[in-house]
Amino acid sequence: MSETNVIRIAAAVITDRQQRMLLVRKKNTRYFMQPGGKIEPQESAQAAVIRELQEELGVSLKASLLIPMGEFTDNAANEPGYIVQATLFRHEQPLSEVAAAAEIEEVRWVSREEASSLLLAPLTKNIIIPHVWGKVNG
C-alpha cells in the first residue's frame with residue numbers, strides 16, 4: 001500500500017462507569033468509530049486527539065489522563081482503498097457532557113451488547129472492541 005493511501009489519525013478510546021464505549025458517526029456516513037481525527041503536519045498524536053475532541057465533542061481532555069495504547073492499522077471506513085494508521089489513547093476518567101459538533105452527526109455511549117448491532121468502522125470492530133472488551137459477535 002502506497003504511503004499516499006495511508007491516513008494518519010489519533011483517536012480516543014473512552015469508557016464510562018457502566019463500561020459503555022463512546023462512539024461517533026460523522027455526517028453523511030454510516031460507520032460508528034472512536035472520536036478523533038487526522039494528525040496535522042508537525043502535530044503530535046496526543047495534541048491531535050486533544051484538538052479533535054475539543055472540536056468534535058466540546059470536550060477538554062488533559063494530556064496527563066491520556067494513556068497510550070499503541071499504533072494500529074486497518075481499512076478506512078469511509079475512504080475506499082485507504083487504510084488508517086491510528087495512534088490510540090485510552091481515557092477512563094468521567095467526562096462532562098459530550099455533544100456532536102463540527103462534522104459529527106451522532107454520539108452514542110454503547111454497551112458491549114449494543115456494539116454487535118451497529119455498523120462499526122473496521123478499526124473499531126476488528127481491533128479496539130476486542131482489545132477493550134474481548135470478541136463481540138456480529
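Residues numbered from 1 in each chain as written. Predicted model: local features only at pLDDT ≥ 70, side-chain atom pairs only at ≥ 80, totals over all residues. Heavy atoms only, no water.

**Student:** Talk me through the overall build of the protein chain; I want residue IDs and the actual numbers.
**Tutor:** Check the secondary structure of the protein chain and you find three helices and seven strands. Starting at the N terminus and walking to the C terminus, you meet the elements of the protein chain as β-β-β-β-α-β-β-β-α-α. Taken over the C-alpha trace, the protein chain has a radius of gyration of 14 Å; the compact-globule value for 138 residues is 14 Å, and the two agree within 12%. Projected onto its principal axes, the C-alpha coordinates of the protein chain cover approximately 40 × 35 × 30 Å. Counting all 138 residues of the protein chain, 45% fall into the buried class. Partitioning the intrachain contacts of the protein chain with sequence separation of at least 6 by distance along the chain shows that 63% fall at a separation of at least 24. Of the roughly 7,500 Å² of accessible surface on the protein chain, a fraction of 47% belongs to carbon and sulfur atoms. Positive and negative side-chain charges in the protein chain, numbering 15 and 17 respectively, have mean positions lying 4 Å apart. (Helix = DSSP H or I, 4+ residues; strand = E, 2+ residues; numbered from the N terminus. Rg over C-alpha atoms; globule rule 2.2 N^0.38 Å. Buried < 20%, exposed > 50% of the residue type's maximum accessible area, 1.4 Å probe, protein only. Contact = heavy atoms within 4.5 Å. Areas by Shrake-Rupley, 256 points an atom, 1.4 Å probe, with all protein chains shown as cover. Lys, Arg positive; Asp, Glu negative; His and termini not counted. Charge placed at Lys NZ, Arg CZ, Asp CG, Glu CD.)

**Student:** Describe the confidence of the model for the protein chain, with residues and values.
**Tutor:** Overall, the predicted model of the protein chain reaches an average pLDDT of 91, with 95% of residues at or above 70. When the elements of the protein chain are averaged for pLDDT, helix H2 (residues 112-115) gives the smallest value, 92, and strand E3 (residues 32-33) the largest, 97. (pLDDT = per-residue confidence, 0-100.)

**Student:** Can you break down the sheet that holds E3 residue by residue, with the values?
**Tutor:** Pairing within the open sheet is antiparallel, and its three strands lie in the order E3-E2-E7. With partners counted over all chains shown, the strands left at the sheet margins are E3 and strand E7 (104-110), one partner each. Where strand E2 (residues 21-26) and E3 come together, two bridges link them in antiparallel fashion. Looking at E3, one finds that Arg 25 is bridged to Phe 32. (Pairing = 2+ DSSP bridges.)

**Student:** Give me the lowdown on the side chain of Thr 87, citing residues and values where you can.
**Tutor:** As for its placement among the helices and strands, Thr 87 is situated in strand E6 (residues 83-91). Apart from residues no more than four positions distant in its own chain, Thr 87 is found in contact with Ile 9, Ala 10, Ala 11, Ala 45, Gly 70 and Glu 71.

**Student:** Tell me about helix H3 (residues 122-133), residues and numbers included.
**Tutor:** The end-to-end C-alpha separation of H3 is 16 Å, in line with the 16 Å expected for twelve residues at 1.5 Å each. Of the positions making up H3, those classed as buried are Pro 122, Leu 123, Thr 124, Ile 127, Ile 128, Ile 129, Val 132 and Trp 133. At the C-terminal side of H3, Gly 134 shows a positive phi close to 90°. (Expected span 1.5 Å × (residues − 1).)

**Student:** Kindly report on the pattern of salt bridges, identifying the contributing residues and their values.
**Tutor:** Under the defined criterion, the tally for this structure stands at seven salt bridges. Notably, a salt bridge pairs Glu 43 with Arg 51, separated by 2.8 Å at the nearest N-O pair. Among the ionic contacts, a cluster of salt bridges with common partners joins Glu 40, Glu 43, Arg 51, Glu 52 and Glu 55. (Salt bridge = Lys/Arg side-chain N within 4 Å of Asp/Glu carboxyl O.)

**Student:** I'd like a rundown of the environment of Ser 60, residues and numbers included.
**Tutor:** In this fold, Ser 60 is placed in the loop between helix H1 (45-57) and strand E5 (67-75). Ser 60 gets classed as exposed once you look at its relative accessible area, which sits at 60%. Only 2.7 Å separates the side chain of Ser 60 from the side chain of Gln 54, close enough to count as a polar contact. (Polar contact = N/O pair within 3.5 Å; in protein donor to acceptor, adjacent residues only side chain to side chain.)

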